[in-house]
Amino acid sequence: MNSSLSRRQFLRMSSQNVGTLLRDAREARGLTQGEAAESLGVARTTLSAIEAGNRQVRPDELLHLSEMYGRTLNELIGEREIISDFPSQFRASHLARAAGDVEAELLAAVHQFQRLCEDYLFLETTNGVSLRRDYPPEYPIMLNQAEQSGQDAATTERNRLGLGDGPIPDLRQVLEDEVGLRVFTIPLPSKVAGIFAYNEALGGCIAVNELHPAERRQWSLSHEYGHFLTARHRADIAPVQPSFRPNAFERCADAFAGAFLMPATGLQRRFNQAAREAGGLVTPVEIMRLAIAYQVSFQAMTFRLERLRHLPKGTWKRLTGKGFKVREAQMLAGLQINEKAGSGLPIRYQLLACRAFEDGEITESHFARLLRLDRLEARAVRLRFLEGTVANNELDGSLFSQELLPGVETVPQSG
């Protein structure tokens, strides 16, 4: 759905034009009117009226039809040039290099990612709001100095966002609320750490692998943010194991992630303090504490300290060569891992879905599909939001007040 369309404008679109597009999509899928109507849960005559332009298609029906026909929402309402398929952005590089089952798995993940982003846009349009974007211009990459370009971008971006030089308590919230990115934490193929894509309609979109540890997700999110800032129109699928010879864009994104999550000045201050408290002898325990404070892996922290020359070069390699096991050492030292909850769909996405359901804009089955849950689980989500709001006496008991939707701008309604 065109992000510039309000819900009222959508409802005033030519029913005949939409009906023709729906008919073409059904026929391309090889379905009869009777088969499609049965899946939609309406009479064949009702679907016939929709396709003839004599009856307006409802938003929940449109979503169901898009799933049935294997089309995006944009394809079904005729704005195909605005939202281009994400797979086409990856096909020239990532998907082309994959083979067989790997390619199919990656393609399925990319399709799932795009569908989530389009559903997010659908919920915004249905609710008459839009995501407020605060995107800086792309930071330049000097291909012969990719690492330095990434570090420079990290410093500039931290200053732009007013993050100081300490750890970032909730990176996902910063990127969603302050920058206006769509961030999903979802199950991805085991070899994929994260996905990034961008187009004008959907904006910047990032997915990180929900199945990975919290510190891995933190790094993946920062890495993909680096791609957004430095190579916005170059989609990325970040592998768990980077290639032996990464290109300049990957080197830049990795350098960005390290400098953005662990800025040199703040890390030096904390490292010096840890060294003083340890009597000048820094052990793996002090490094583990720093890693937990910055929500990164022990390996990432060690490499960063090596790069900043606070640790001798090769420290990580020597530790692993001696059989050092990070998780075992953390347990022996009694260190707790910050396993942040930030998994799944954005809170704002869930709130928009709840508001659309409460306002009667979508059915309960559509509500559940949008949340990727069955109906009982979806009801529990709605109840949790309601109880949480009322119990905390927030906004006079209103679940869907504007203040609960950070990063939102109301879309002007015409007419």
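Residues numbered from 1 in each chain as written. Predicted model: local features only at pLDDT ≥ 70, side-chain atom pairs only at ≥ 80, totals over all residues. Heavy atoms only, no water.

### Observations concerning the packing of helix α3 (residues 33-40) against helix α5 (residues 59-69)
The packing of two helices is summarised by the inter-axis angle and the distance between the axes. Relative to each other, α3 and α5 sit at 125°, their axes nearing to 10 Å. Considering their axes alone, α3 and α5 lie oblique with respect to each other. Regarding α3 and α5, the two cross each other, and that crossing is right-handed. Residues A36, S39 and L40 of α3 touch α5, and the partners they reach there are E61, H64, L65, M68 and Y69. A per-class count over the contact of α3 with α5 returns five nonpolar, two polar and one charged. (Axes fitted to C-alpha atoms, helices over the stretch in contact; angles between N-to-C directions. Helix = DSSP H or I, 4+ residues; strand = E, 2+ residues; numbered from the N terminus. Parallel < 35°, antiparallel > 145°, perpendicular 65-115°, else oblique. Left-handed = near helix turned anticlockwise from the far one by under 90°. Contact = heavy atoms within 4.5 Å. Nonpolar A, V, L, I, M, F, W, Y, C, P; charged D, E, K, R; others polar.)

### Observations regarding the pattern of salt bridges
Opposite charge on two side chains permits pairing when their charged atoms draw close. With the rule as written, the count across this model stands at 18 salt bridges. R172 is the salt-bridge partner of E176, the closest N and O atoms lying 3.0 Å from each other. Taken as a pair, E176 and R172 lie in helix α10 (residues 171-179) at a separation of four residues, close to a single helical turn. In this pair, the class of E176 matches that of R172, namely buried. (Salt bridge = Lys/Arg side-chain N within 4 Å of Asp/Glu carboxyl O. Buried < 20%, exposed > 50% of the residue type's maximum accessible area, 1.4 Å probe, protein only.)

### Brief notes about the packing of aromatic side chains
Taken as a whole, this structure holds 16 aromatic pairs when the rule is applied. Summarising the aromatic geometry, the rings of F196 and F228 are spaced 6.1 Å apart at their centres and angled 75° between planes, so their arrangement reads as edge-to-face. With a gap of 32 residues between them, F196 in strand β3 (residues 192-199) and F228 in helix α11 (residues 214-230) connect regions that are remote in the sequence. As far as burial versus exposure is concerned, F196 and F228 are alike and both buried. An angle of 50° between the planes, with centres 6.0 Å apart, marks the rings of F298 and W316 as tilted. Highlighted residues: F298 in helix α15 (residues 298-307) and W316 in helix α16 (residues 315-321), separated in sequence by 18 residues. Neither residue differs from the other here; F298 and W316 are each classed as buried. Members of the aromatic cluster, each reached through a chain of ring pairs, are Y135, F196, Y198, Y225, F228, F256 and F260. For the cation-ring pair, R158 lies above F260, with the distance from its terminal atom to the ring centre recorded as 5.6 Å. The cationic tip of R232 hangs over the ring face of F228; the distance from NZ or CZ to the ring centre is 4.2 Å. (Phe/Tyr/Trp six-rings, centres within 6.5 Å; stacked < 30°, edge-to-face > 60°. Lys NZ or Arg CZ within 6 Å of the ring centre and 35° of its normal.)

### A few points about the confidence of the model for the protein chain
Considering every residue of the protein chain, the mean pLDDT works out to 83; 80% of them sit at 70 or more. Summarising per-element confidence for the protein chain, the mean pLDDT is lowest in helix α1 (residues 7-11) (49) and highest in helix α9 (residues 146-161) (97). Confidence over residues 78-82 falls short of pLDDT 50; this stretch has ten contacts with residues more than four positions distant or in other chains. When the criterion is pLDDT under 50, residues 390-404 qualifies, and its contacts beyond four places in sequence or with other chains add up to 23 contacts. (pLDDT = per-residue confidence, 0-100.)

### Thoughts on the environment of P284
Position of P284 relative to the elements: it lies in helix α14 (residues 284-294). P284 gets classed as partly exposed once you look at its relative accessible area, which sits at 27%. A C-alpha to C-alpha distance of 8.4 Å links P284 and A329, two positions 45 residues apart in sequence. Among all residues touching P284, those that are not within four sequence positions of it are F298, L319 and F324.

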